[in-house]
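Chain and residue survey
Given next are the chains, with one letter for each unit.
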Amino acid sequence: QDQVVESGGGLVQPGGSLILSCVKSGSIFDQYTMAWYRQAPGKQREWVASIPPDGRDYYRDSVKGRCTISRDNMKNTVYLQMNNLKPEDTAVYYCNSYPPRGDWWGQGTQVTVSS
């Protein structure tokens, strides 16, 4: 049974940084493109960044230059380093495959950017 568990969120001031982690259990990790998504209050969930098993990473324009997605296939873990955080980055952050699988959605981790 596939399961993902996100962690690392919190309350941070504008301009601050966070590192999110996501551990995946179940099926083979390194065969999937992994991604981070986020959902802000009252908005639809949106894609943030993705990383193929051994290829180039991709970002939505609003986080490009501020976020870095990475993965450790030995640890079945994907990370999202977020720098220069802005209030509009406030959301629950989820990891999943890309494209996402319905049965992989976890609880997410809350990121709140506020002074």
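Now for a quick tour of the structure. Fair warning: this is a prediction, and the values are worked out from it, not measured in the lab. (Residues numbered from 1 in each chain as written. Predicted model: local features only at pLDDT ≥ 70, side-chain atom pairs only at ≥ 80, totals over all residues. Heavy atoms only, no water.)

1. Regarding the overall build of the protein
For clarity, the cut-off: Going along the chain from the N terminus, every DSSP run of H or I of four or more residues is numbered as a helix, and every run of E of two or more is numbered as a strand. Radius of gyration here uses only the C-alpha atoms, and the compact-globule reference equals 2.2 Å multiplied by the residue count raised to the power 0.38. Using a 1.4 Å probe on the protein chains alone, a residue whose accessible area is under 20% of its type maximum counts as buried, one over 50% counts as exposed, and one in between counts as partly exposed. Throughout, a residue-residue contact means that at least one pair of heavy atoms, one from each residue, lies within 4.5 Å. Reported accessibility uses the Shrake-Rupley method at a 1.4 Å probe radius. Residues are deemed covered only where the shown protein chains occlude them.
Helices and strands together make up the secondary structure of the protein, namely zero helices and ten strands. For the protein, the sequential pattern of α-helices and β-strands runs β-β-β-β-β-β-β-β-β-β. Relative to the compact-globule value of 13 Å for 115 residues, the protein shows a C-alpha radius of gyration of 13 Å, a close match. Taken over the C-alpha atoms alone, the protein extends approximately 40 × 25 × 20 Å along its principal axes. Here the protein holds 115 residues, and 42% of them are scored as buried. Sequence-distant contacts, at least 24 apart, represent 53% of the contacts inside the protein between residues at least 6 apart. By element, 47% of the accessible surface of the protein is carried by carbon and sulfur atoms, the whole surface being about 6,200 Å².

2. A short note on the side chain of T109
The line we're drawing: In the analysis that follows, any N or O atom pair within 3.5 Å is treated as a polar contact, provided that within protein one partner can donate a hydrogen and the other can accept it, and provided that, for residues neighboring in sequence, both atoms belong to side chains.
Among the secondary structure elements, T109 is positioned in strand β10 (residues 109-113). A polar side-chain atom of T109 sits 2.9 Å from the main-chain amide nitrogen of G9. Other than its neighbours up to four places away in sequence, T109 contacts E6, S7, G8, G9, L20, A91, V92 and Y93.

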